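Geometric and topological summary
One-letter residues, chain by chain:
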Amino acid sequence: MENSYLIAVLKSLSKKEQRELRKWLDSPAHNQREDVALLFDYLASGDHLDNEKYLRKEKIYAKIFPGEQMDDAKLRQTVHFLTKAVEEYVVIQDLVEDELHSRITLAGVYRKRKLDKPMLRALKNAQEAIAAYPYRDDQYFRNDYLLQLELYTSMEGKQRTTQMNLQEVSDALELTFIIEKLRQTCRMLSHQAVYKAGYDTGLLEAVLTYVEQHNKLAVPAIAIYYYIYRANTQKDNPAHFEQLKLQIQEQGHVFPHSELREIYLMALNYCIGKMNAGVAAFVREAFELYRRGFEMGILIENQIVSRWTFLNVILIGLRLKEFAWAGTFINQNQQFLEPRYRENFVHYCQARLLYEQKKYKEAQRLLVQVEYDDILINLNAKSMLLKMFYEEEELDALESLLESMRTYLQRKDVIGYHKANYQNIIRYTKKLLRVTPRNKEQKEKLQQEIQQANPLTEKEWLLGMLSRV
């Protein structure tokens, strides 16, 4: 049962939500089965949700139905009703959390029941709530449209001869559509960069033209996605990225944490694309975005940082020789790595920092202590050792390492690009070892081979070492 949908949902709940859910299950309006409450109590106690031995069906059944013979169908029924109750709880919680939407919905309920006074009070409360809403994101504009539509519906048929809010409905709908269209298009661009998928952007060109001709860039939620799109589709025009940075700096406060995180990641993906294209200035741009994003807590989601984001930050900082900053970053942010990855990634990043500082002996001591769980981290660690052994002229250790890397690549399921890359690193390091000093022809031939090799992430290092032979 450890891989069931119910377990996944319960694990996503905070302790506070679990306590509230228990009260929910106590209410006859939501649950009338004792076995459902008992199942929840068992699953939510101690570390049962995280420990496989407590999630075996036989063990669960014995706790809920003591003394009874195992009945798989009966247990499935209990799980079904608990799942149904949990789903109802999370749906209601989500509706309640969007207070503005809830008030608009309440006004619609009163209108359908022809309760005019309660409806007018609910509409007034909704108008006050939208005025007090702290952000100007897509949720704000969507709710503003729903509110304007509800105001119109409440007036329709009662006061046909008086002024209606049809213009407000139209304006709110227009802004909502433009923001959603631009945001979704930016997501499509991000996905295309990774999966090379093809998308039909429909009315996009008309939307872009309309935005430019009707001064809609004055709306931050439109401007920020407009400049993300333009930066990614007109890469040779630096003005778009400069405007995007300005919007993030000056208007970032109008977006909630979750949306601002997505905006930062889109901006970072653009920077990384430029870095991969060899535009060195964007190493610093990416670094500043990462630094600001972590200082503001934007790139930390639910107290978790992706291990790859953590590693990218370190590698970019080290590339800029921001050694002190990188060391502080590791110490201050390692707590946000998922526990199952934390030790390996922190260990690797500390070794990488020592390596970049040319503290080779200290870096080697760290690297030889651990066989990393992640295949690519393991191969990166071996590449670091390879370079240090070569530069320190520890040739016996280097020969042994090259052979162990070759065997490792054969034994492990390494995907095509990475396998070819590390095979090339091994191949050209061996050739480097066989170069005869002062043999100009041999050196020139190897230099040409290295320059033409692809993929080869250590090309710069290999050429540097060759020039010293």
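Here the structure is shown first, and the text comes after it.
Residues numbered from 1 in each chain as written. Predicted model: local features only at pLDDT ≥ 70, side-chain atom pairs only at ≥ 80, totals over all residues. Heavy atoms only, no water.

1. Remarks on unusual backbone geometry
For the record, the criterion: Counting from the N terminus, the helices are the DSSP runs of H or I reaching at least four residues and the strands are the DSSP runs of E reaching at least two.
Here the bond from Asn-454 into Pro-455 is cis, since omega is 0°, no more than 30 degrees from zero. Even without being glycine, Lys-358 reaches a positive phi, approximately 60°. Positive phi is not limited to glycine here, since Arg-438 has a value of about 70°. With respect to the helices, strands and loops of the structure, Arg-438 is situated in the loop between α21 (416-434) and α22 (440-452).

2. A word on helix α12 (residues 238-251)
An α-helix turns once per 3.6 residues; consequently, residues spaced three or four apart project the same way. Selection criterion: Expected helix span is computed as 1.5 Å times (number of residues minus one). Each residue's exposure class comes from its accessible area (1.4 Å probe, protein chains only) as a fraction of the maximum for that residue type: buried when under 20%, exposed when over 50%, partly exposed otherwise. Arc definition: it is the arc formed by the directions from the helix axis to the C-beta atoms. Should any heavy atoms of two residues lie within 4.5 Å, those residues are counted as being in contact. In the analysis that follows, any N or O atom pair within 3.5 Å is treated as a polar contact, provided that within protein one partner can donate a hydrogen and the other can accept it, and provided that, for residues neighboring in sequence, both atoms belong to side chains.
In this model, α12 (14 residues) spans 20 Å end to end at C-alpha, consistent with the 20 Å of a helix rising 1.5 Å per residue. Within the sequence span of α12, burial applies to His-240, Phe-241, Leu-244, Gln-247 and Ile-248. Relative to the axis of α12, the buried residues are bounded by an arc of 115° and lie together on one face. Exposed residues lying more than 90 degrees from the buried face of α12 are Pro-238 and Gln-249. At its buried positions, α12 is contacted by α11 (220-233), α13 (257-276) and α14 (281-295). The backbone nitrogen of Ala-239 lies 3.0 Å from a side-chain oxygen of the residue at the head of α12, namely Asn-237.

3. Considerations on the packing of helix α2 (residues 15-26) against helix α3 (residues 34-44)
Operational definition: Axis geometry follows a simple rule: fit a line to the C-alpha atoms, using only the stretch in contact for helices, then measure angles between N-to-C directions, giving values from 0 to 180 degrees. What sets the label is the angle itself: under 35 degrees gives roughly parallel, over 145 gives roughly antiparallel, 65 to 115 gives roughly perpendicular, and the rest give oblique. In a left-handed crossing the near helix is turned counterclockwise from the far helix by less than a right angle, and in a right-handed crossing that turn is clockwise.
Where α2 contacts α3, the axes come no closer than 10 Å and their chain directions differ by 165°. Considered as vectors, α2 and α3 are oriented roughly antiparallel to each other. Crossing of α2 over α3 shows left-handed handedness. Residue-level contacts link Gln-18, Leu-21, Arg-22 and Leu-25 of α2 to Val-36, Ala-37, Phe-40, Asp-41 and Ala-44 of α3.

4. Some remarks on the packing of α22 against helix α23 (residues 459-468)
A pair of packed helices is captured by two measures, namely the crossing angle of their axes and the spacing between those axes. Counted only if it meets this: Residue classes follow a fixed rule: Ala, Val, Leu, Ile, Met, Phe, Trp, Tyr, Cys and Pro count as nonpolar, while Asp, Glu, Lys and Arg count as charged, and any other residue, Gly among them, counts as polar.
At their nearest, the axes of α22 and α23 sit 10 Å apart, and the two run at 170° to each other. As far as their axial angle goes, α23 and α22 are roughly antiparallel. The residues of α23 that touch α22, namely those facing Lys-443, Leu-446, Gln-447, Ile-450 and Gln-451, are Lys-459, Leu-462, Leu-463, Leu-466 and Ser-467. Grouping the amino acids of the contact of α22 with α23 by side-chain chemistry returns 5 nonpolar, 3 polar and 2 charged.

5. Describing the side chain of His-48
Within the element layout of this structure, His-48 appears in the loop between α3 and α4 (57-64). Under the relative-accessibility criterion, His-48 is labelled buried at 12%. Aside from chain neighbours lying at most four places away, what touches His-48 is Tyr-42, Leu-43, Tyr-54 and Leu-55.

6. Describing the pattern of salt bridges
Rule in force here: Between Lys or Arg on one side and Asp or Glu on the other, a salt bridge is scored when a side-chain nitrogen of the former is within 4 Å of a carboxyl oxygen of the latter.
The full count for this structure, using the stated rule, is 32 salt bridges. For the salt bridge of Glu-285 with Lys-245, the shortest nitrogen-to-oxygen distance reads 3.1 Å. Linking Glu-285 in helix α14 with Lys-245 in helix α12, this pair joins segments that are 40 residues apart in sequence. What makes Lys-245 partly exposed here is its relative accessible area of 21%.

7. A word on a positive patch on the surface
Filter applied, for reference: Residues qualify for a patch when their relative accessible area is over 30% and they have no salt bridge, like charges being joined within 9 Å and the nonpolar side chains of Val, Leu, Ile, Met, Phe, Trp and Tyr within 5 Å. Every accessible area reported is derived by Shrake-Rupley at a probe size of 1.4 Å, with residue values counting cover from the shown protein chains alone. In this count, Lys and Arg are taken as positive residues and Asp and Glu as negative ones, while His and the chain termini are left out. To locate a charge, take atom NZ for lysine, CZ for arginine, CG for aspartate or CD for glutamate.
Together, Lys-53, Arg-56, Lys-59 and Lys-63 make up a region of like positive charge exposed at the surface. With respect to the helices and strands, Lys-53 occurs in the loop between α3 and α4. In this structure Lys-53 comes out as partly exposed when scored by relative accessible area, which is 41%.

8. As for the packing of aromatic side chains
Applicable threshold: In summary, the pairing rule links any two rings of Phe, Tyr or Trp, Trp by its six-membered ring, whose centres are within 6.5 Å, and it sorts them by plane angle into stacked for under 30 degrees, edge-to-face for over 60 and tilted for everything else. Our definition puts a charge over a ring when NZ of Lys or CZ of Arg is within 6 Å of the ring centre and also within 35 degrees of the ring normal.
Per the stated rule, a full pass over the model turns up 18 aromatic pairs. Seen from their ring centres, Tyr-226 and Tyr-227 are 5.1 Å apart, and the 80° between their planes marks the pair as edge-to-face. Judged by relative accessible area, Tyr-226 falls into the buried class, the value being 7%. Residue Tyr-227 is classed as buried on the basis of its relative accessible area, which comes to 12%. Their ring planes at 25° and their centres at 5.1 Å tell us that Trp-325 and Phe-329 sit as a pair that is stacked. Taken together, the positions of Trp-325 and Phe-329, both in helix α16 (residues 323-333) and 4 residues apart, correspond to about one turn of that helix. For the pair formed by Trp-325 and Phe-329, the shared burial category is buried. Through successive ring pairs, a cluster of aromatic residues spans Phe-287, Phe-294, Phe-310, Trp-325 and Phe-329. The side chain of Arg-307 reaches across the aromatic face of Tyr-341, ending 3.8 Å from its centre.

None of the figures reported here should be taken as evidence of function without further support.
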